[in-house]
Structure formats: structure tokens, C-alpha cells
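Residues per chain are reported as follows:
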Amino acid sequence: MPATEPVRLGRKRALPSCPNPLFLKWLTELRDEAKEKGLKIQYTYHKAINSLNKYPLPLKNAKEAKILQNFGDGICKILDEKLQRYYRENGADASIHALPKGAPPPGRSDNNIILAPSKKKNAAGDQGKDGGGDGGRKKKREYVPQKRSGGYAVLLTLYKETQVPGSKGYMFKMELQAEAQHLCDKSFTVPDLGSKYTAWSSVSTLIQKNLVIKTHNPARYSLTEGGLTLAERLASAEQTNTDGDREAVRSELEATEEDDPVVDLTGSDEDEEEKEENRIHPAERQPTVTEVSCDVDDVRSSGKPQDSQTTMTTSRKPNAECLLPGTYEIMLCVDFIETTGGSHHRKQELVKELQRNGVNFDIRKLNVGDFLWVAREKVAPVAGQLRAPVGRELVLDYIVERKRMDDLCGSIIDGRFREQKFRLKRCGLHKPIYLVEECGSAASHLSLPETTLQQAIVNTQVVDGFFVKRVQDVRESAAYLTIMTRFLTKLYQNRTLICRSRELEGDGGSDEEERGLPSCSLMSFAEFNHGAVKNKCQTVREVFARQLMQISGLSGDKAAAILEHYSTPHSLLTAYEQCTSEAEKEKLLSSIRYGKLKRFVNTVSHFFLASSSGVCSI
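Residues numbered from 1 in each chain as written. Predicted model: local features only at pLDDT ≥ 70, side-chain atom pairs only at ≥ 80, totals over all residues. Heavy atoms only, no water.

- An unreviewed UniProt entry lists the protein under the name Crossover junction endonuclease MUS81, from Astatotilapia calliptera.
- UniProt's Sequence similarities (unreviewed entry) comment on the protein is quoted here verbatim: "Belongs to the XPF family." (UniProt positions renumbered as here; feature names shortened; annotations may be inferred.)

1. A look at the overall build of the protein
- When its secondary structure is counted, the protein shows 24 helices and 14 strands.
- Looking at the protein as a whole, 43% of its 618 residues are labelled buried.
- Long-range pairs, those at least 24 residues apart, make up 70% of the contacts in the protein with a sequence separation of at least 6. (Helix = DSSP H or I, 4+ residues; strand = E, 2+ residues; numbered from the N terminus. Buried < 20%, exposed > 50% of the residue type's maximum accessible area, 1.4 Å probe, protein only. Contact = heavy atoms within 4.5 Å.)

2. Looking at the packing of aromatic side chains
- Per the stated rule, a full pass over the model turns up eight aromatic pairs.
- Both rings, one in Tyr170 and one in Phe172, keep their centres 5.7 Å apart while their planes meet at 85 degrees; by these two values the pair is edge-to-face.
- Residue classification places Phe172 among the buried positions, given a relative accessible area of 8%.
- Where Tyr434 meets Phe466, the ring centres are 5.8 Å apart and the plane angle is 35 degrees; that geometry is what we call tilted. Of this pair, Tyr434 sits in strand 9 (residues 431–437) while Phe466 sits in the loop between helix 15 (450–462) and strand 10 (467–471), placing them 32 residues apart in sequence.
- With a relative accessible area of 2%, Tyr434 lands in the buried category.
- Residue class for Phe466 comes out buried when judged on its relative accessible area of 3%.
- A network of ring pairs unites the aromatic residues Phe23, Trp26, Tyr86 and Tyr87 as a single cluster.
- Its guanidinium or amino end placed over the ring of Phe525, Arg364 lies 4.5 Å from that ring's centre, counting from NZ or CZ. (Phe/Tyr/Trp six-rings, centres within 6.5 Å; stacked < 30°, edge-to-face > 60°. Lys NZ or Arg CZ within 6 Å of the ring centre and 35° of its normal.)

3. Focus: the pattern of salt bridges
- By the definition in use, this model includes 25 salt bridges.
- Put simply, Asp73 and Lys66 hold a salt bridge, and the shortest N to O gap is 2.8 Å.
- Classification of Asp73 as partly exposed rests on a relative accessible area of 36%.
- Its relative accessible area of 47% is what places Lys66 among the partly exposed residues.
- Arg470 serves as the salt-bridge partner of Glu438, at 3.1 Å between the closest nitrogen and oxygen. Of the two residues, Glu438 is situated in the loop between strand 9 and helix 15 and Arg470 in strand 10; the sequence distance between them amounts to 32 residues.
- Look at Glu438 and you get buried, because its relative accessible area is 14%.
- The class for Arg470 is partly exposed, based on a relative accessible area of 37%. (Salt bridge = Lys/Arg side-chain N within 4 Å of Asp/Glu carboxyl O.)

4. Points about the layout of surface pockets
- Here the second largest pocket defines a volume of roughly 1400 Å³.
- The wall of the second largest pocket is formed by 38 residues, among which Lys425, Val463, Asp464, Gly556 and Asp557 lie closest to the centre.
- Secondary structure elements with two or more residues in the lining of the second largest pocket: helix 13 (405–414), helix 14 (416–426), helix 15, helix 21 (556–565) and strand 13 (593–594).
- Of the residues assigned to the lining of the second largest pocket, the class counts are 16 nonpolar, ten polar and twelve charged. (1 Å grid on protein atoms, 1.4 Å probe; cavity = no way out; pocket = protein on both sides within 12 Å on 5 of 7 lines; lining within 4 Å. Points joined across faces, edges and corners; volume = space filled by probe spheres on them. Nonpolar A, V, L, I, M, F, W, Y, C, P; charged D, E, K, R; others polar.)

5. Regarding a nonpolar patch on the surface
- Together, Phe336, Ile337 and Ile363 make up an exposed nonpolar region whose accessible area comes to about 230 Å².
- Residue Ile337 is classed as partly exposed on the basis of its relative accessible area of 40%. (Patch = residues over 30% accessible without salt bridge, like charges linked within 9 Å, V, L, I, M, F, W, Y side chains within 5 Å. Areas by Shrake-Rupley, 256 points an atom, 1.4 Å probe, with all protein chains shown as cover.)

6. Here we look at the sheet that holds strand 2 (residues 212–215)
- If you trace the three strands from one edge of the open sheet to the other, you get 1-3-2, paired in antiparallel fashion. Both edges of this open sheet fall to strand 1 (171–172) and strand 2, since each of them pairs with a single strand only.
- The pairing of strand 1 with strand 3 (residues 220–223) spans two bridges and is antiparallel. Paired with Met171 across the bridge in strand 3 is Tyr221.
- Contacts from helix 5 (residues 150–162) reach strand 1, strand 2 and strand 3 within the one sheet, and its direction differs from that of strand 3 by about 85 degrees. (Pairing = 2+ DSSP bridges. Axes fitted to C-alpha atoms, helices over the stretch in contact; angles between N-to-C directions.)

What follows is the structure in C-alpha cells.
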């Protein structure tokens, strides 16, 4: 038999001491405290301790620990607070790399122990074994958003809205962001440096936890019963000047509710739970203009009736944020399609003409129209930043759709002409302009007769109410845009511009401008461009309107009049089924009036034939 190998004897190599014993001590205390309470956060602290033990370099502060695994914003914030308290007690020159008295050595087994299951799990398991009722179901803790976080601010704002007499019971996104901002430490529109998430990202968590419900389009946000209960408790804690600690609120709620998911306290509101929600538009940012609180007269100038109970709530709306005279500049916005593709030389000629005329313009993507004007806030550069922050932008009430005669002919043939006019009417700007380039004798070589094109232009002005400007070529188009830019600059130079939301104000025009008042309400560019997306999610009513307009003889005004009485295909077909004879069916829509002149709909027979053949049977 082969001889057995001799056994090697020797000492086990001593583990190196942890260069950050103070942080290690605090994390161990946090872990042990969480373990005593039966909180699952003990496992997170245990992982952080293991990461810290493996790190061989000294840390100056907790922020440097972010490079380690399992060190999130929550743990680093707690360690920073303890470090500041340590400096106050021991002096600013106190060493943090010396092992404090009583701190557990890094190599000891009590820092690497296997954590036992939480007390709640044991209690639930014992109950399942003894009573057999729940079968070992876990006791889950109530979700409570961190104080001054996005979810905290949204819940409190929606709760306060429900307490206002005559409240509508819901809030739109823009007004909710504006109202909740002062309750949150982070911006609802601008992400932090190095992050793509904002405070608004936490709304997805509230919806997932069934605390907030999102309905309609544009979206309306309201509280569920569970959200209302939680918001009442948060509001009560806010009013009694409590310290806002989540553990205190959570321990109060655990006595009554046990079925909601567990939340990791070490993460911020921008955790992985919220990654699917809300990538903000680049143009959106937190407004930096001076916020002017509108008084009662300013609110009344919007033309809305108001009583004493709603005065305070109206003054809190987003239209209280203004651009004062001298704090903004008028700028022409050019759709990028007008400068790229097609005849590159002709499109570049427009840009060169605008530059030669000294026009302040910007090329960007416009979802409707080819040209429009915005009032951009003047923002001073910030020291230490490469680029100055982007100013707030409000859209003036003028929008231009440019058409060459050949483009006009093609749009009439493929149906874009009527659709573009329909979208321009619904975009929220009330002074649409059709800029038509005659292009000399080129119109005589098109597939449609010139008389047809001229009639379409006249109908655009007379029937649709658009202002039509005829020019000969690109140079005259640039000249007209230059004159309009200078005219609007002079028109708005002494006006206070109030930011309004289309969701709140509706599609009503700016009455202040017509009455010559020194202020007017305008939409933000981000809201305007987002609302003009062509392929956005549509309601049944909008799809039904498009279907009606495909029927020969049914214009947009006629379709809108029909929708006032029958908003869905089902309601119209139900009305047809209730008719007793064919003659009654043909006269069903004959009493409907449309347009400014209130004329009767005359294409009833066409519509009846289309509906009976199954066009509207979707």
C-alpha cells in the first residue's frame, strides 16, 4: 500500500482588518436592529457588510461607498447622517479609520452569520402549523412612500384636492405636477444628474400598489379607497408636525392592514420597480421663471365664472406661472422636414434666406404644421455648467402650413389635405395660416385642373376659416415669415404671458388678446407638440369621427355635429334600429344642424347608405 501523505500543520492566515471599522459598526447595528424587528431589510444590510469587508481601501464618506455592491441611496444617506453626528460629538478632526471601542472586528463570525427568518414569517408559519388557517401566509407590510418623495407628494396633493368643496375628484398630469412640486425634494420634470428618472416616475408604483388610478385620455389621476386611507394618515402626520419617519407611519398602519407588498427602504423613488414609466421629453424642465401668484382679477380675466369657494383653488392652478415682459424672446420654429429631404437645394434656400434676414429661428420636429412661433424664456448661464439651462417655451397662437401647388395637388389626391386641416383646427392654436406657393406656370402641368386647386384654396379660406397667404417662391415665403416674426415680436413685447394647460382651459381662444389686455394665456410647447402627435392613442369618439369623414359629402363640421348626438357607432346603430320605417331612418339625421350658420345636414342619404352597408358596424 502506498504511504499516506503527511498532514501539514500550520496557522490559518489572519484576515486583514477592515479599513472602515466605523461604517462596519454602524451597518452591524442597523442589521441587528432590523433583525430584532423582523424586517427583511436585515438581508440588505448583511449584503452591504459583506461588500464592505471585501473593500481594501479607506472611505472618506458614505458617498464613496456607492461604488460597492448593495450600497444604495438609502444606506449611504443613513451612514452620512451618522458620520455628521459623529463629527459633531468628537470633533471635525476625529479619525474614522481607527477601530472604535466595542466595534465588532471585520473577521469575526458575527458579521457573517446566517440570518434567521423574520419574526413575521415565523409567526405566520407557526400559525399555519397550529391552526391550519392561512397555510403559512406571510404578513406583508404596508407600502408607505418616503417623506418628500414623489409618491408622498402625489398622494397628499390628490387628497387635498378631494377636500376642496366642489372638487372634480381627479387631476390632470400637468396640474398635479405643479401642485405637488412644493411637497417634493426632487423635480417632477427634470431628472437628477446622471439619472433618467424624475419624481413623477413614482406614480407607476402608486398605480401598481392600487393607491392611484389612471383613467381617460388625457390621463386623469385619482385616489383609490386604499390610497385615500393612506393619504389621510400621511396628511394627519404632516399636520401634527411629526418627524415623518416612514417606520412610525408603517408601524401604525401594520395594526390594521397586512396584505400589501413589502418595500425596500434602502432604495430611492427611482428603483427598478418604476423603470417602465415616463421618459420625459427633452423640452420639458422645471420652470425657472418668477412665479407670480395671480390675484382674483387675473383669475377672472380668463372668462370663467368663479365663486368665493373656488377662488383659492383657482389661484393655485398652473396658470399662475407667468413670463413677464422683457424676460422672453420671440423665436420662429421650423419643422425639420422643411429643411431635409426632397429638393435639398430648395429647402436649404429657405434657411439661408431666414439667416440673411436676421431671423431668430430653431429647427425642430413639429407634429403639426410647418412653422410656428414660441416665446422662449431668457435664462442666464449657470457657473460651472457648459450649457445654459433651456428656458421655458410658450406657443403663440399662430401656426403656418406651407404648400407648393404640386404638394397641394398630391395632398388632395391622397386625402392628406382634409386631414391636415382637421388636425390644425384641433391643435389648440386658433390662428392657422395657409402659405401657398404658386410656383409660376408649374400648376398647369399637374394631375388636377388648376381650377380645382384654386377652388380648394378658396374653400380653405372661406369655409374652414384659415388665413391664406399666396406667394410666388421660397424667397417670398421667407420674407413673409420674417415680417410675421417681427410683427409678433412687437405685438407681444409688453405682454405678460400666462402658461395655461389645454386640459384645464379647453380649446377656447385667448380673449385677453382680442380685448387688448396686456396679458394672454398660452400653452407650453411640450404640451402642444405632445397633444398633436398623429398616431397617439385615440378614443372611440375620435375613431368614429375619422370613419364618418371617409364618407363622401361628410365634412369635419358635419361629423362633429353628428357626434354631438351620437358619440359612438353603437349609439347611432341603436337609434337606427329603433326607427319603424325606412323613411324614418333616412330622416333620422335631417334635424341636426352644423357649422356657424347652423345649416341642416344634407348628406343623410349618403350616410344612411354607408351605415346600412356596414361601414359603421364596427
